[in-house]
Amino acid sequence: MSSEISSVRPQGRLRRMFNRLGSSNEELNAEQLRQDAEETGATPIAACGDRQEVTVTGTLRAVTLRPRAGVPALEAELFDGTDALDVVWLGRRSIVGIEPGRKLIAHGRISHARGRRVLFNPKYELRPVGQE
């Protein structure tokens, strides 16, 4: 019975500090992104279902120009600490502010293409540079 109580009890400040010291930079960044998503009320990418209308937030990992059926398309990989999805703006070669490392909130309907989650032409909001 005492083991049940200890597993439910929240971690102490010292335990959390030691866990952070033992974590890699990537794990710490992923944890921060998960907290950001929770604070903004966004859906975790890992929990997004096909054809579901969602609001997601995260950091752009990569931005590429990749034509689709002869039409320019700007693609970006958005990572929120749980999973990644592709954000695609059809007919665009570039968008000011859409660059790797930038934080973004996107709203749209999830679809699947090439086995990955995709948001096509989402409504989006760029987070201020340097905002944690």
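Our subject is the structure that appears above.
What comes next is a walk through the structure. Just so we're clear, the structure is a prediction, and the values are computed from it rather than from any experiment. (Residues numbered from 1 in each chain as written. Predicted model: local features only at pLDDT ≥ 70, side-chain atom pairs only at ≥ 80, totals over all residues. Heavy atoms only, no water.)

1. Focus: the pairing of strand β3 (residues 84-90)
Next, step 1: In terms of burial, β3 is a largely internal element, six of the seven residues being buried.
Next, step 2: Inspection of the sheet shows strand β2 (residues 73-79) paired to β3 by seven bridges, in the antiparallel sense. What sits directly across from leucine 78, in β3, is leucine 85.
Next, step 3: Here β2 folds back onto β3, and the loop between the two strands holds four residues, one of which, glycine 81, carries a positive phi near 95 degrees. (Buried < 20%, exposed > 50% of the residue type's maximum accessible area, 1.4 Å probe, protein only. Helix = DSSP H or I, 4+ residues; strand = E, 2+ residues; numbered from the N terminus. Pairing = 2+ DSSP bridges.)

2. Concerning the side chain of arginine 117
Next, step 1: With respect to the helices and strands, arginine 117 occurs in strand β5 (residues 116-120).
Next, step 2: For arginine 117, the side chain forms a polar contact with the main-chain oxygen of alanine 46, separated by 3.4 Å.
Next, step 3: Of the polar contacts made by the side chain of arginine 117, one reaches the side chain of aspartate 83; its length is 2.7 Å. (Polar contact = N/O pair within 3.5 Å; in protein donor to acceptor, adjacent residues only side chain to side chain.)

3. Overview of the packing of aromatic side chains
Next, step 1: Scanning all chains against the criterion turns up one aromatic pair.
Next, step 2: Ring geometry for tryptophan 89 and tyrosine 124: centres 5.4 Å apart, planes at 75 degrees, overall edge-to-face. Within this pair, whereas tryptophan 89 is found in strand β3, its partner tyrosine 124 is found in strand β6 (residues 123-126), the two being separated by 35 residues in sequence.
Next, step 3: The exposure class assigned to tyrosine 124 is partly exposed, which follows from its relative accessible area of 35%.
Next, step 4: Over the ring of phenylalanine 79 we find arginine 61; its NZ or CZ atom is 3.9 Å from the centre of that ring. (Phe/Tyr/Trp six-rings, centres within 6.5 Å; stacked < 30°, edge-to-face > 60°. Lys NZ or Arg CZ within 6 Å of the ring centre and 35° of its normal.)

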